[in-house]
Amino acid sequence: MPPLSSLAAALDGVSGLPAIALAIVAAAFLIIIADWRSSLLMMQLLYLALAIVSLRLLPPEWAVLRILVGALIGIMWYLSAYQLNRDRSRLNQTNTAAAIAQDRPAVRAKIVPRWPWLATTVTFRSVVVIMVGLGLFLTRASVALPELSPDADFLCLWLTAMGLLALALEEEPFKAGMGLLMWLAAVQIFYGNLTHDARMIGVIGALELLVGLACAYLMVARAAPVPANPDQEPRP
């Protein structure tokens, strides 16, 4: 395996605009798409692109740390989401079999979203992402972060905007947690390039792991299917 310095030198050609463009596209798709498998794939692409960008801004060891943090969070979230979908499928099969045996309609375990239906559509999210992107592109000259190149400056602003947008549009811990991770990624790029403080970068990486662990727990606690009682009188 080549040393990190040689690997960083080999990736220097793509650590600029190509990696930044990949990170921007991955962050946008995290807002737009709804499938959890595709979202996890986009999150891993985002962390990979951010690690390549970090090769130009920070020592290569921190790029490896970013990849490891993203991989650990992805594993935790995949296991939580996979377990929930498997348990929900088993419960739906049990309810269907019980309904057939009792000759009544089947009751499927599902979570009724409290968010407006319009905010869950792909078209609406795509339009919002495009509008936010145009707003940031037109105002990028007046919002300049110190010690960052224009491309890295736009990436930090984009990750911050997408993180806030995810928190505004989502009520599920899975996607809201991705918004928090994007916000922390922007803070790590800006603060790490500004001070090069290894301790603070490590603290931000630990915070990312804590956010990933907390969201994995909240996914299980909130989205675990609860069988409804078909004989219960509906509330007025």
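Everything below is about the structure shown above.
Now for a quick tour of the structure. Just so it is clear, the structure is predicted and the values come from calculations on it, not from any experiment. (Residues numbered from 1 in each chain as written. Predicted model: local features only at pLDDT ≥ 70, side-chain atom pairs only at ≥ 80, totals over all residues. Heavy atoms only, no water.)

With that settled, the discussion passes to the overall build of the chain. Regarding its fold elements, the chain presents 8 helices and 0 strands. Each helix and strand of the chain, ordered N terminal to C terminal, gives the series α-α-α-α-α-α-α-α. When the 236 residues of the chain are sorted by exposure, 41% land in the buried category. Taking as baseline every contact in the chain between residues at least 6 positions apart, the subset at least 24 positions apart corresponds to 72%. (Helix = DSSP H or I, 4+ residues; strand = E, 2+ residues; numbered from the N terminus. Buried < 20%, exposed > 50% of the residue type's maximum accessible area, 1.4 Å probe, protein only. Contact = heavy atoms within 4.5 Å.)

Next up on the list: the packing of aromatic side chains. Counted under the stated rule, the structure contains 4 aromatic pairs. Taking the centre distance of 5.6 Å and the plane angle of 55° together, the rings of Trp77 and Phe174 count as tilted. Taken together, the positions of Trp77 in helix H4 (residues 60–102) and Phe174 in helix H7 (residues 173–195) put the pair 97 residues apart, joining distant regions of the chain. The buried category is assigned to Phe174, whose relative accessible area is 8%. For the ring pair Phe154 and Trp158, a centre distance of 6.1 Å and an interplane angle of 25° mean the geometry is stacked. Of this pair, Phe154 and Trp158 are both found in helix H6 (residues 150–169), 4 residues apart, which corresponds to roughly one turn of the helix. A residue is classified by how much of its surface remains accessible, and Trp158, at 5% relative accessible area, is buried. (Phe/Tyr/Trp six-rings, centres within 6.5 Å; stacked < 30°, edge-to-face > 60°.)

Now for H7. Relative to the 33 Å expected for 23 residues at 1.5 Å per residue, H7 spans 32 Å between its end C-alpha atoms, a close match to the ideal helical length. In the segment just after H7, His196 is the residue with positive phi, at about 55°. (Expected span 1.5 Å × (residues − 1).)

Turning next to the pattern of salt bridges. Counted according to the given criterion, the structure contains 3 salt bridges. Arg37 is the partner of Asp35 in a salt bridge, and the nearest nitrogen-oxygen pair spans 3.8 Å. Asp35 gets classed as partly exposed once you look at its relative accessible area, which sits at 34%. Across the salt bridge formed by Glu170 and Lys175, the nearest N and O atoms sit 3.9 Å from each other. According to the relative accessible area criterion, Glu170 is buried, its value standing at 12%. In this structure Lys175 comes out as buried when scored by relative accessible area, which is 8%. (Salt bridge = Lys/Arg side-chain N within 4 Å of Asp/Glu carboxyl O.)

What follows is about the packing of helix H3 (residues 36–57) against H7. For the pair H3 and H7, interaxial distance at closest approach is 12 Å and the crossing angle is 0°. Comparing their axes, H7 and H3 come out roughly parallel. Touching Trp36, Ser39, Leu40, Met43, Leu46, Tyr47, Leu50 and Leu57 of H3 are Phe174, Lys175, Met178, Leu181, Met182, Ala185, Ile189 and Asn193, all from H7. Broken down by class, the residue content of the contact of H3 with H7 amounts to 13 nonpolar, 2 polar and 1 charged. (Axes fitted to C-alpha atoms, helices over the stretch in contact; angles between N-to-C directions. Parallel < 35°, antiparallel > 145°, perpendicular 65-115°, else oblique. Nonpolar A, V, L, I, M, F, W, Y, C, P; charged D, E, K, R; others polar.)

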